[in-house]
Amino acid sequence: MVVKGIRLGLNRFTLMISLALSTATFAVSMPSVLSQGTNRITIDGSSTVYPITEAVAEDFQKNTGGRVKVTVGVSGTGGGFKKFCSGQTDISNASRPILAKEMQACNSAGIKYIELPVAYDALTVVVNPANTWAKSLTVAELKKIWEPAAQGKIKNWNQVRQGFPNAPLKLYGPGPDSGTFDYFTEAIVGKSKASRTDYTPSEDDNVLVQGVSRDKNALGYFGYAYYVPNKNRLKAVAINNGKATVAPSEQAVLNGSYQPLSRPIFIYVNAKSAQRKEVKDFVNFYLKNGAKYAKEVRYIPLPSSAYNLALSHFQKPKLGTVFAGKEAVGLRIEQLLQREAQQ
């Protein structure tokens, strides 16, 4: 069962994203007598991509009159790929490209896949609204906060920048199975998964939202779609990348100025599953309506040409990845399109 969250209000969304994983597990484990005559699509992975896939899934299920059930779990990008590359899911939500070790796992299991970008995200650094000092942070300051060497040492705000208060620095961030964690550490620290560990981690971004919103001295990071509906409880920090100080926004992503924290987000489709009518219909529906749903859940839609190209890749199908198993930090939309156009 997938229920719409962002479109039906913050409270309902917060409840459902927290229960998404257990809901998906329950749906998959229901007795067969309850699922007779029903086709099922299983999806897992990124909490960042969850809102858009969940919105697509609800409307798709309505359009099928209940003949297709779509379950969407949230175990993080890395956790999702573990399931996907062992054949447990039809589609994997991913907030970063598939990595070399995951490509190897899929190959070993004979899993071929189709990589489809579905939107752009402005990864957002947030503080509590009562924080009056950290209106912007440099990439170097973020590195100073989050790098492994900061563990047990950078514990107060005044250690980040002279003039900041002598107050405890409370950190919230995604767990190590998260693609957002992978991307942020690559973009800010310079190496994927290189991070201090003395912070409050969660694969559920709503836990991070709640943590920062309740603590004046907190700082956290997660996808833009989780910041926008919580603007009354959080404050976005502008990022100084050495060229400009830019706050996260749709315009900043589109013009390429929100660097290095803007990124494409993806779904990966099991090529064998894609031969099933219900999966084929679902992915076609997703890509044909991608811009609508991306905007609806507060992500940045790709140009129509990108969705058309992705649809062409799915229908061919074009197997594999254009990222060679590596992160793609600072990739602008036009650069993504150039990669996607490669055959």
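The preceding data block contains the structure.
Thresholds applied
- Residues numbered from 1 in each chain as written.
- Predicted model: local features only at pLDDT ≥ 70, side-chain atom pairs only at ≥ 80, totals over all residues.
- Heavy atoms only, no water.
- Pairing = 2+ DSSP bridges.
- Helix = DSSP H or I, 4+ residues; strand = E, 2+ residues; numbered from the N terminus.
- Axes fitted to C-alpha atoms, helices over the stretch in contact; angles between N-to-C directions.
- Contact = heavy atoms within 4.5 Å.
- Salt bridge = Lys/Arg side-chain N within 4 Å of Asp/Glu carboxyl O.
- Buried < 20%, exposed > 50% of the residue type's maximum accessible area, 1.4 Å probe, protein only.

Asks: Which parts of the structure should I look at to understand the sheet that holds strand E13 (residues 262–270)?
Replies: The pairing of strands in a sheet comes from backbone hydrogen bonds and takes either a parallel or an antiparallel form. Spatial ordering of the open sheet is given by E2-E1-E3-E13-E4, a layout of 5 strands whose pairing is mixed. In this open sheet, the two edge strands, each paired with only one partner strand, are strand E2 (68–72) and strand E4 (113–122). Adjacent strand axes in the sheet meet at a mean angle of 20°, parallel and antiparallel pairs treated alike. Pairing of E4 with E13 involves 9 bridges; the strand directions are antiparallel. Following the sheet pairing, Ala119 is matched in E13 by Ile265. Here helix H3 (residues 50–63) sits on the sheet and contacts strand E1 (39–45), E2, strand E3 (91–94), E4 and E13; the angle it forms with E2, its principal contact strand, is near 165°.

Asks: For this particular structure, what's the right way to read the sheet that holds strand E10 (residues 235–236)?
Replies: Strand order in the open sheet formed by 5 strands is E8-E7-E9-E5-E10, with mixed pairing between adjacent strands. In the strand order of this sheet, the two ends are held by strand E8 (200–201) and E10, each with one partner. Note that strand E7 (residues 170–173) and strand E9 (residues 218–222) share 3 bridges and pair parallel. For Lys170, the partnering residue across the bridge sits in E9 and is Ala218. Sheet strands in contact with helix H8 (residues 205–213) are strand E5 (124–127), E7, E8 and E9, and its direction is about 155° off that of E9.

Asks: Can you walk me through the pattern of salt bridges in this structure?
Replies: Working definition: two side chains of opposite charge can pair if their charged atoms are close together. This structure, assessed with the given rule, holds 13 salt bridges. Of the charged contacts, one joins Asp182 and Arg96 as a salt bridge, the two residues approaching to 2.6 Å between their closest N and O atoms. Residue Asp182 is located in helix H7 (residues 179–189), and its partner Arg96 is located in the loop between E3 and helix H5 (100–108); the two are separated by 86 residues in the primary sequence. The buried category is assigned to Arg96, whose relative accessible area is 2%. One salt bridge in this structure joins Arg161 and Glu141, with 2.7 Å as the shortest N-O distance.

Asks: Explanation requested: the environment of Pro264 in the structure shown.
Replies: Here Pro264 is to be found in strand E13. Judged by its relative accessible area of 3%, Pro264 falls in the buried class. Distance from Pro264 to Gly330, taken between C-alpha atoms, is 9.7 Å for residues 66 residues apart in sequence. Not counting chain neighbours up to four residues away, the residues in contact with Pro264 comprise Ser95, Ala119, Tyr120, Leu331 and Leu336.

Asks: Hey, could you run me through unusual backbone geometry in this one?
Replies: Keep in mind that most residues, glycine aside, have a negative phi and that most peptide bonds are trans. Cis geometry is found at the peptide bond from Gln259 to Pro260, where omega equals 5°. Tracing the backbone through its elements, the reader meets Pro260 in the loop between helix H10 (250–254) and E13. In this structure, the amide linkage connecting Lys316 to the following residue, Pro317, adopts the cis form with an omega of -10°. Positive phi, close to 80°, is recorded for Arg298, a residue that is not glycine. For Arg298, a relative accessible area of 40% gives the class partly exposed.

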